[in-house]
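Summary of the model geometry
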Amino acid sequence: MIFSRYVISTASSSCCLMRAGVKMSQTNTSLLDQVVQWSQETCRQELKAVLPKLTSLHHQAEDWDEHIRVLKIITEMFLPHIALSDLENECFSKILPKAVTMYDRMMKELATQVGDLSSQNTELCSLLRNNLKSLMQIIDTMSTCVRHVSTYDDVPDLMMIRTLPKSILKILRDTFLHCKESEVVYCGRFSLVADLLQSLFKEAYTLQKALLELLDRLSLDSSASEEEVTDIVSVIHSLLDIGSIISNLDMALHANTWKFLVKQSLKYQSLVEEHLHHGDITSSLCDNLLASFHNAVDLAEQIKQSALQEATHSTEHKLFQKTAKACRFFANTLVHYVKEFKAFLAKSCSLFHQLYLQIMSKFPPNVRAPALPPSLSEELNAAAVVPLDALLFQLIPLRPFAEIVLAEELHISPQHELPQCLLLTHVLDQLASQSEEVLSLWHSGSQFSEETPRLPLYQALFRSFRSCYVERKLPVLLPGVMTRGQAQSQVSLHHHVCVHLCASVAVLPPQYFPVLERCLVTAAVQVDTHTALLATDVWCFTARYGSAELCLHHVLLIAHLMKTCLAECPQKWHLGLLLRRMLFLMTPSHQMELLARFPPSEDANLPIWSQVLLRSLCDEARQLVEADVIALAQKALADWQTGGYKLGQVDKVNAVLQCLLVVVQERSHEGDEHSFSSTIVKQLWQRMTPHQVQSHQVLRSTLQLLFSITAGLIKNMEPQIIIQALVCVDAVVSQECPDELLLAVLEFLSSMGKVFIPPESQSEILSRLSNLFGSLLAQSSSWLVEQHALEAFARFVEITQHEEVISYSLCLEETKSKVVTFLSKTVSTPEEVKEARVERIEAEKTVLQQHNCELESPKQVSMEISAQSATHTEPQAKRARQESDEDYNRCTQMAESALRDLQALVAGKTEAQMTSPPLWLVGRLQELQVKKCRSIRKKSVRVMLGLSHRRQYTVASLQIMQRRRQPQNKLGLGTKDYKKRAAM
């Protein structure tokens, strides 16, 4: 019974609520019907009474149609009569949030219903189209609000309309996102609603334009509240979000959105700079710039493939111009933004670095860059590359950017290696106009352990140049420096970098020259020859641009490095090249000082003089070097002979022969030097036998030097020596040997064309010569040996008097054809395609890098480091001398020796002249005896001092005796001997 009464009461209550709801709905409907018929005057009079009811109805409305109806009544009939000061509190804050909520719900419902949409389902299709029309009605009401606020002559305060921008931007975002995803959302049913979606986009486009115009009229001063600043920041970030959505929808809308965004950021810079998401803004700008740039590149490639370069009015060409214009806009916008907010962009520097590399990699001379029509490439260059130079000028003062570009551990993809090198070159050009702080940032490198490790700019540039192996090998060409009266030419990467490096050195402040020198040393002693050559060019310019004393300082440093190099390391040859060029820049007096510091007569200095060009020296210095080298060679050969021609002394002989080769190659006329050299060479050839050469590796180096020296002295060689040399050549050719030895053999054989063989020796020499040329020309194991063999044979053919050697050397048709092809300069191999050539060079680069890593041993690295600091660190203080028992013994022995010499002098005098020694000698010796006795009785410290004094007295006595008795000295001690004893 109780349960039944509860059910009845509940049912009756529900009926009452339903009747009340119907009554309420009828009341709302009657109110809306009544209001719709009001005039504008009535609306103005009833505003305060009716507007709260309408806003309440709007808030409570659940039906979309009712919600939109109330919203339109408020915005069209009552909004014009609301005072500006009451807009926010009485209207916008009460109706717009609800409108945004309803709009979001309608969007979600559209997404759920579209799955069942089809042309057969007319009811659902009609429902969806009505929903889209409802969305446009909400957007229209928002436009009404914006138009109304814009009618005020006075610029409204942001706080008076703060809900309006926030609500509209949310609706715009959802609308543009729906339009962007419409092809995916509606899939194959897109055509059923395409017209309404297009209209929806246009309505949103118009609404955004009106809103931005309204916001542009607003103005905040430095006294703006936190709420106002927050609202402006929110507007900017909302536009940033919208910009990322509409990037592919409409190019003009996208550009206008970004234009307004950046304009507002700069307009309120002092208020919003600490609140903006600078990283997101710059990241989006970079993404838009790259997207438009890549689209333009793709369009340019399509135009080239379609052969539409001349059709400037074609659709593709017009689209390319629009895309290039967008690219220029985003590039200039990025430059402007970075200029104003660079203090807040530390975390974006890596992004800017990658942006530069990616854009530059799409332009020549990058080997992977697309081949674009010249006119389109120039247009893209103006749109993207020119603004990048301005961007780089803004980034150079930023420490984070320098730390990224100059990082010690910098990992760059192969296609970005050349752009990185060009980036560093551009930085080098722009540093001349920078402040002292910026110069130190780029030139000095990291100074303290707590800093992010970074290299000096010069070292980073040499490192980057070294990595551009493919571009150096092809080679790629870049625009050269324009000179007055001459057209701009294309130059290699080496030329380009070298010119800019030298120009930078010319304006480099003096305090950075030590850093430059260390970088040059590092680059010169590395294993990559091309990079060492670049460092050599820059170093020679530095020495020539500076003073003669600076050139001497550098040459002394190079000579010191060459003494510390290993015998066969690549650094030795790099430093030798540098030394040969630097000697031409030295004054005669400084060349003589170099000889005094590193005399050729000392074995330790042979690595230095084995790398010079004697013609770079003045006459006096050249004669001294030649005389010392020949004398040293004669002595080394004599010592080797005296020692029984032991293999352990061959290395020393080889070192001397290396210097002798320099003398022989530099002497262009006959003289004593040639005769002495010929004598040395003949003696060595008499010791060379094929069996020994094959058995001992060290003799191969001797043989290689002998071949080269003999080639320069071939006219002075007797037939018997030539026969001995040819026998050794036969032994070398018949077995595997290093290429460098074969090259020396070919040099010797080509020099044989200078001499005429006597008839009695022709049969033996010429037959051997023919066989050797034929064998070497037929070899194909190494392209290097094959090429040099052809060149050597061509030189022999040009000057020889024994033409029969030519015919006997070319017995094989294959060899004869090869020589004829070479002499006629005919290219037998097909021309290599660029893509295949690039791939081949990249494969070579991998192998070469592995080889260089093996050559760069820790010992060479330590030598490099010590060389860098050799001229810029103070020597260590000498340690205090510690006396020991050995010192006492040495002093005692000296005293005993002095007494024996004195006794000999006295005995010699009495025997020769039968007279007694001078009278003062006895008194002087008595004084020494007294002082000796006194010193023995002193304390231990005084004893040491006494020994020192007594040695001085003894030496003084000996010096006096020497001056008086030197001619009759039986021991044969001259002035030098006495000085030597006095110095002990």
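All values reported here derive from a predicted model rather than from experimental measurement.

1. What about the overall build of the protein chain?
The helix and strand tally for the protein chain stands at 45 helices and two strands. Expressed as a percentage of its 984 residues, the buried residues of the protein chain come to 46%. Accessible surface for the protein chain amounts to roughly 50300 Å². Of this, 53% is attributable to carbon and sulfur atoms.

2. Considering the pattern of salt bridges
The tally for this structure, following the rule as stated, stands at 26 salt bridges. Linking lysine 72 and glutamate 76 is a salt bridge whose minimum nitrogen-to-oxygen distance equals 3.2 Å. Of the two residues, lysine 72 and glutamate 76 are both situated in helix H4 (residues 64-78); the distance of four residues between them amounts to about one turn of the helix. The exposure class of lysine 72 is partly exposed, given its relative accessible area of 22%. Relative accessible area serves as the criterion here: at 40%, glutamate 76 is assigned to the partly exposed category.

3. Notes on the nonpolar core
If you look at the biggest cluster of nonpolar residues, it comprises 285 residues, and the most contacted ones within it are Phe78 and Trp442. Setting aside chain neighbours within four positions, we find tryptophan 442 in contact with Ile396, Phe401, Ala402, Val405, Leu406, Val427, Leu431, Leu455, Pro456 and Leu457.

4. Some details on the side chain of asparagine 288
Mapped onto the secondary structure, asparagine 288 falls in helix H13 (residues 278-305). On the basis of relative accessibility, which here comes to 9%, the residue asparagine 288 falls in the buried class. Among residues more than four places away in sequence, those in contact with asparagine 288 are Ser247, His254, Trp258 and Phe330.

5. Concerning the side chain of glutamate 403
Locating glutamate 403 in the fold gives a position in helix H17 (residues 399-405). Among buried Asp, Glu, Lys and Arg side chains, glutamate 403 stands out as unpaired, with arginine 399 the closest opposite charge at 4.2 Å. Not counting residues up to four positions away in its chain, the partners in contact with glutamate 403 are Thr452 and Arg454.

6. Concerning helix H40 (residues 834-855)
With 22 residues, H40 ought to run about 32 Å at 1.5 Å a step, and its terminal C-alpha atoms sit 31 Å apart, in line with that. Buried within H40 we find Val838, Ile841, Lys845 and Asn852. The arc that holds every buried residue of H40, seen down its axis, measures 60°, which confines them to one face. In H40, the exposed positions that point more than 90 degrees away from the buried face belong to Glu839, Val847, Gln850 and Glu854. The elements touched by buried residues of H40 are helix H18 (417-430), helix H20 (457-467) and helix H21 (469-473).

7. Some points on helix H23 (residues 513-524)
Its 12 residues give H23 an end-to-end C-alpha distance of 16 Å, which sits within 8% of 16 Å, the value for a rise of 1.5 Å per residue. The element H23 is extensively covered by neighbouring structure, given that 10 of its 12 residues are classed as buried. Burial in H23 covers these residues: Phe513, Val515, Leu516, Glu517, Cys519, Leu520, Val521, Thr522, Ala523 and Ala524.

8. Remarks on the packing of aromatic side chains
Tallied over the entire structure, the rule returns 13 aromatic pairs. Residues tyrosine 337 and phenylalanine 341 carry aromatic rings whose centres are separated by 4.6 Å and whose planes lie at 35° to one another, so their mutual orientation is tilted. A residue pair is termed a helical-turn pair when its members lie 3 or 4 positions apart in one helix, as tyrosine 337 and phenylalanine 341 do in helix H14 (residues 315-341) at four residues. For the pair tyrosine 337 and phenylalanine 341, one class covers both residues: buried. One aromatic cluster in this structure is built from Phe176, Phe201 and Tyr205. Directly above the ring of phenylalanine 465 sits arginine 472, whose terminal nitrogen or CZ lies 5.1 Å from the centroid. The ring of tryptophan 573 has lysine 572 sitting right over it, with the charged end atom 5.0 Å from the ring centre.

9. Remarks on the environment of tryptophan 640
Tracing the backbone through its elements, the reader meets tryptophan 640 in helix H29 (residues 619-642). C-alpha separation for the pair tryptophan 640 and valine 653, spaced 13 residues apart in sequence, amounts to 7.8 Å. If sequence neighbours within four positions are ignored, tryptophan 640 has contacts with Tyr645, Lys646, Gln649, Val650, Val653 and Leu684.

10. A word on the packing of helix H35 (residues 739-751) against helix H36 (residues 759-778)
At their nearest, the axes of H35 and H36 sit 11 Å apart, and the two run at 135° to each other. Classed by the angle they form, the pair H35 and H36 counts as oblique. Considering the relative orientation of H35 and H36, their crossing is left-handed. In contact with Leu742, Val745, Leu746, Leu749 and Ser750 of H35, H36 contributes Leu769, Leu772, Phe773 and Leu776. Taken together, the residues of the contact of H35 with H36 break down into eight nonpolar, one polar and no charged.

11. Here's the deal with the environment of serine 610
Looking at the secondary structure, you find serine 610 in the loop between helix H28 (606-609) and H29. When the C-alpha positions of serine 610 and leucine 661 are compared, they lie 7.8 Å apart, and in sequence the two are 51 residues distant. Among all residues touching serine 610, those that are not within four sequence positions of it are Gln658, Cys659 and Val662. Within polar-contact distance, the side chain of serine 610 engages the backbone oxygen of proline 607 at 3.1 Å.

12. Topic: the confidence of the model for the protein chain
Model confidence for the protein chain is summarised by a mean pLDDT of 83, while 84% of its residues fall at 70 or above. For residues 1-27, every residue scores under 50 in pLDDT, and the model assigns this stretch zero contacts once sequence neighbours within four places are set aside.

13. Overview of unusual backbone geometry
The phi angle of most residues is negative, glycine excepted, and most peptide bonds adopt the trans form. Proline 365 follows proline 364 through a cis peptide bond whose omega is 15°. Within the fold, proline 365 resides in the loop between helix H15 (349-360) and helix H16 (374-395). Note that the residue after leucine 474, namely proline 475, is joined by a cis bond; omega there is -10°. By the element assignment, proline 475 lies in the loop between H21 and strand S1 (477-479). Here the phi dihedral of tyrosine 645 falls at roughly 55°; this positive angle occurs in a residue that is not glycine. Take tyrosine 645: it is sitting in the loop between H29 and helix H30 (650-666). A positive phi angle is found at lysine 825, which is not glycine, with a value near 55°. Here lysine 825 shows up in the loop between helix H39 (813-823) and H40.

14. A word on the packing of helix H5 (residues 87-113) against helix H6 (residues 122-150)
Contact pair H5 / H6: the axes reach a minimum separation of 11 Å and the direction vectors enclose 155°. In terms of orientation, H5 lies roughly antiparallel with respect to H6. Helix-helix and strand crossings are classified by hand; for H5 and H6 the assignment is left-handed. Partitioned by chemical class, the residues of the contact of H5 with H6 number 18 nonpolar, four polar and no charged.

About the criteria used
Residues numbered from 1 in each chain as written. Predicted model: local features only at pLDDT ≥ 70, side-chain atom pairs only at ≥ 80, totals over all residues. Heavy atoms only, no water. Helix = DSSP H or I, 4+ residues; strand = E, 2+ residues; numbered from the N terminus. Buried < 20%, exposed > 50% of the residue type's maximum accessible area, 1.4 Å probe, protein only. Areas by Shrake-Rupley, 256 points an atom, 1.4 Å probe, with all protein chains shown as cover. Salt bridge = Lys/Arg side-chain N within 4 Å of Asp/Glu carboxyl O. Core = buried A, V, L, I, M, F, W, Y, C linked by side-chain atoms within 4.5 Å. Contact = heavy atoms within 4.5 Å. Lys, Arg positive; Asp, Glu negative; His and termini not counted. Expected span 1.5 Å × (residues − 1). Arc of directions from axis to C-beta. Phe/Tyr/Trp six-rings, centres within 6.5 Å; stacked < 30°, edge-to-face > 60°. Lys NZ or Arg CZ within 6 Å of the ring centre and 35° of its normal. Axes fitted to C-alpha atoms, helices over the stretch in contact; angles between N-to-C directions. Parallel < 35°, antiparallel > 145°, perpendicular 65-115°, else oblique. Left-handed = near helix turned anticlockwise from the far one by under 90°. Nonpolar A, V, L, I, M, F, W, Y, C, P; charged D, E, K, R; others polar. Polar contact = N/O pair within 3.5 Å; in protein donor to acceptor, adjacent residues only side chain to side chain. pLDDT = per-residue confidence, 0-100.

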